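Next come the chains, spelled out residue by residue.
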Amino acid sequence: MASPSFPPVEPYIAPETSMKEFTVRAVLTGAILGLIFGASSLYLVLKVGLTVSASIPVAVISLAMFRGWSKLGGRDATILENNITQTAGSAGESLAFGIGVTMPAILILGFDLELTRVMLVAMLGGLLGILMMIPLRRALIVKEHGVLKYPEGTACAAVLKAGASAGCRAAASPAAQTEMRAAEAAGLGKSPGAKVIFTGFGLGLLYKSLNVAFKGWKDTPERIFGAPFKGGSVSVEISPELLGVGYIIGPRIASIMCAGGVLSYLLLIPLIKFFGDSIPGPLAPGLIPISDMGPGQIRTAYILYIGAGAVAAGGIISLVQSMPTIWHGLRGGLKDLGLTRGDSGAGETPRTDRDLPMKFVGIGIVGIIAIIVLAPTLHMNLLGALLIVLFGFLFVTVSSRLTGEIGSSSNPISGMTVATLLFTCLIFLLVGWTGGTYYVTALSIGAIVCIAASNGGSTSQDLKTGHLLGATPKYQQLAIIAGSMLSAVLLGPILLTLNDSATVYVPAAQVAPAGLQTDVTKLEKSEVLRGPQHRDDAGTYHVWQKTDEAGGPSGRYLVNDGGKAVWLVDPGINGAYSTRPDGTTVKKFDAPKATLMSYIIKGILDRKLPWALVLLGVMIAVTTEMSFLPALAFAVGVYLPLSSSSPIFIGGLIRWMVDRRARKQASHAELTEEQMIEESDKSPGVLLASGYIAGGAIAGIIIAILAGALDKVSPALAIFFERVDSRLNAWSTAHNPFFAGPNSNALSMIPFVILCALLYYVGREVLLAPKRR
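Cut-offs applied
- Residues numbered from 1 in each chain as written.
- Predicted model: local features only at pLDDT ≥ 70, side-chain atom pairs only at ≥ 80, totals over all residues.
- Heavy atoms only, no water.
- Pairing = 2+ DSSP bridges.
- Helix = DSSP H or I, 4+ residues; strand = E, 2+ residues; numbered from the N terminus.
- Axes fitted to C-alpha atoms, helices over the stretch in contact; angles between N-to-C directions.
- Left-handed = near helix turned anticlockwise from the far one by under 90°.
- Contact = heavy atoms within 4.5 Å.
- Nonpolar A, V, L, I, M, F, W, Y, C, P; charged D, E, K, R; others polar.
- Buried < 20%, exposed > 50% of the residue type's maximum accessible area, 1.4 Å probe, protein only.
- Core = buried A, V, L, I, M, F, W, Y, C linked by side-chain atoms within 4.5 Å.
- 1 Å grid on protein atoms, 1.4 Å probe; cavity = no way out; pocket = protein on both sides within 12 Å on 5 of 7 lines; lining within 4 Å.
- Points joined across faces, edges and corners; volume = space filled by probe spheres on them.
- pLDDT = per-residue confidence, 0-100.
- Salt bridge = Lys/Arg side-chain N within 4 Å of Asp/Glu carboxyl O.
- Expected span 1.5 Å × (residues − 1).

## Describing the sheet that holds strand β4 (residues 526-528)
- The antiparallel open sheet is built from five strands, whose spatial order is β3-β7-β6-β5-β4. Unpaired on one side and paired on the other, β3 (504-507) and β4 mark the two borders of the sheet. Strand-to-strand twist of the sheet, defined as the mean angle between neighbouring strand axes without regard to direction, takes the value 40 degrees.

See below:
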């Protein structure tokens, strides 16, 4: 039997007054949903350096919300309103990626990360990406329709068509309606069940809350081996968000990431333990003898540098491999601009071809340059502003075209950011800008360009969706600007809150027993302790940015009026200390991509790194690439804790089992590989996994706010929650066998296995199966 054939997807050309489209409720709903998924994406990129697309989950939620509102007597949304909601909602995820892979590097380098800097960088990068994409839309989306596939944008259009009501679907073009009927006849026309994603969100939120906030069961079961395999260990962070990530990214990348973790925890750490146990004193850069170290301490002292070297090499290898594609995209994009300029025909422009005017684009770019130069918090000059516009134009052009060719998930945004930082740092080095301030300037340039490239790619996907549905491009562009601005304003506070919640103020005497002294007259900034430790020490200190290793580690210190260092500020993102002076522990965010950016800057501008360990990591990445495996994915696994990559592997394994079984079904057996991937990417399992991610990540953010930021709002309430947390911890330690005790590792896996089983059966459509029309 031949594979079902589908007519080509044609854009819907709607009459001028056919339907409502750009409404306040559509934009506001999309912006709020975008913020929710943006916050969860930021949480993920800080934990494991990955994000997942939010467009399809936002589209499904939008359909369900407006359909539910219509049942209560309100007006259902048109298909174009749902498209505006989805467009506004996609901005949060693209901004979160750009913020999460660049801004934390400022903290990793030991500098203060101001809220105004994060907000400005996010706003400017988001706006720059949208503005640069406007003149490219007609050439990329319209003229190359059928050539550039934009897979995520096309899939999102299919979801909106399948989920729209009969009245809204009647507005689609005849060709689109023919396609939908053909898909339904082939068994593909399923309504995207919103109950699946809402169920996943609720389960993820409930699971994470019971697990972490209420101490229901151990959150990271671990087994540390003894002789003859001293130093070896296995662990798994049994969280819904990491399980969901593994399911969405699929078995190949999930397995490669976990393999990197296996190398670190079951080979490198035991090797270091074996050869280092007999060394009597500390081995630099470690501060205590290896014989006294556990697996976590060995990772902090040595493996992090090896992993960072591997990630840096993997990023550069990825960039080199992408250069032909980037060059192809650049040439095509420049050609597209020429086509756009020569496309001004006579007569009134159809509604479906109206962009924001080029005058708006020009004024916007000039305004961005002015803000970059004049904003004191960015510490930027005209050269930096021009570099941003130059690299922004280059990589938005490349990103928009590559997204159409290979999709958002394969778009090398990290490689483009690495290239921006490399070129920027080399320029700074040539002109002699090597001081600490220029670290932050270089990172700000990289961050704005990264966000612009990410948002440009996301914008092009949304414009493709709108083109297939008959939307007005101008309204989509305004919607994504609105979504970007809301996310830019609120993702900054979320980033700083997550950092503050896991920040540890380490007594300076602990890291520098001989004491550290400096001249306070040269220190300009002062601050107080943040988070729970503020209650024990409310004093105001001078901020000292120590850049050398003399007498104690480099970093950010709080110094008293006499010039004596009192506290070392160990950030919550990529920090080295997880225990506070009172004995309470915190879980740090590893932020592998941000670590990569910090090492590039420090390696070029400062040239002070433990190069022996870094080069070992470089060789690991090179060896991996020579084995025809993606070096960057493996390198991220080397850098991350095995506890983070192992649940991702489990999620990927479940996806493999579901897809393998689906290929044996009669309804899927005759699909082409492209059709199979398209169906799998919008399947119930992916929607449930998206819900797991959003629910687990939002719960993690709320818990972090309660743990670290409530002091700013209500000290009394913060003390109350701290006492509740302490009592829950004490009770669970004494009485809950799932949380502590000899069998806690095995017992705590039971809730996680239930979560995995539900994902498997929903993926197989045994539970919560979507309706067939």
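There is more to say, and it comes next.
## A word on the packing of helix α12 (residues 240-249) against helix α31 (residues 749-763)
- It is the contact of α12 with α31, at a shortest axis distance of 11 Å, that shows an interaxial angle of 35 degrees. With respect to the hand of their crossing, α12 and α31 are arranged in right-handed fashion. Contact residues: P240, L243 and Y247 in α12; F752, L755, C756, L759 and G763 in α31.
- Looking at the contact of α12 with α31 residue by residue, the class counts come to seven nonpolar, one polar and no charged.

## Here we look at the side chain of S62
- Within the fold, S62 resides in helix α2 (residues 55-71).
- Classification of S62 as buried rests on a relative accessible area of 0%.
- With residues near it in sequence (within four places) discarded, S62 still touches L33, N82 and T85.

## Observations concerning the nonpolar core
- The biggest cluster of nonpolar side chains holds 130 residues, and the ones touching the most others in it are L42, L46, I99, M103, L495 and I601.
- Tallying contributions element by element places helix α18 (residues 436-469) first for this core, with twelve residues.
- In this structure, L42 is in contact with A96, I99, G100, L491, I494 and L495, ignoring residues within four places of it in sequence.
- Ranked by size, the runner-up nonpolar core spans 41 residues in total, among them A155, V159, L469 and V658.

## Description of empty space enclosed by the protein
- Going through the model one piece at a time under the given rule, you end up with two cavities of 30 Å³ or more.
- Looking at the largest cavity, its volume works out to about 50 Å³.
- Taken together, F37, S40, S41, V52, S53, A54, S690, I693 and A694 form the lining of the largest cavity.
- Among the elements of the structure, α1 (24-48) and α27 (684-708) are those that each provide at least two residues to the lining of the largest cavity.

## Details of the confidence of the model for the protein
- When pLDDT is averaged along the protein, the result is 82, and 84% of the positions lie at 70 or above.
- In the predicted structure, residues 1-18 sits below a pLDDT of 50 and forms 44 contacts with residues beyond four places in sequence or in another chain.
- In this model residues 339-346 is a low-confidence stretch, pLDDT under 50, and it forms six contacts with partners more than four residues away in sequence or in other chains.

## Notes on the pattern of salt bridges
- One pass over the full model with this rule turns up 20 salt bridges.
- A salt bridge links R299 to D590, with the shortest nitrogen-to-oxygen separation between them at 3.0 Å. Placement of the pair is R299 in helix α14 (residues 295-341) and D590 in the loop between β7 (565-570) and α21 (592-606), with a sequence separation of 291 residues. Of the two residues, R299 and D590, neither departs from the other in class, the shared state being buried.
- The partner of D659 in a salt bridge is R655, and the shortest N-O contact between them spans 3.1 Å. In this pair, D659 and R655 both sit in helix α24 (residues 642-662), four residues apart, roughly one turn of the helix. Both residues of the pair, D659 and R655, count as buried.

## Focus on helix α8 (residues 151-163)
- If you check α8, its first and last C-alpha atoms are 18 Å apart, about what 13 residues at 1.5 Å a residue would give, namely 18 Å.
- Where burial is concerned, most of α8 is hidden: ten out of the 13 residues are buried.
- Along α8, the residues that are buried comprise G153, A155, C156, A157, A158, V159, L160, K161, A162 and G163.

## Considering unusual backbone geometry
- Each neighbour pair has its own omega, and for A227 with P228 the value is 10 degrees, a cis peptide bond.
- Within the secondary structure, P228 sits in the loop between β1 (222-224) and β2 (233-235).
- Going from A284 to P285, the amide bond is cis rather than trans, its omega being 5 degrees.
- Tracing the chain through its elements places P285 in the loop between α13 (251-276) and α14.
- Of note in the backbone geometry, N574 takes a positive phi value of approximately 65 degrees without being a glycine.
- In this structure, A591 takes a positive phi of about 45 degrees despite not being glycine.
- Structurally, A591 is set in the loop between β7 and α21.

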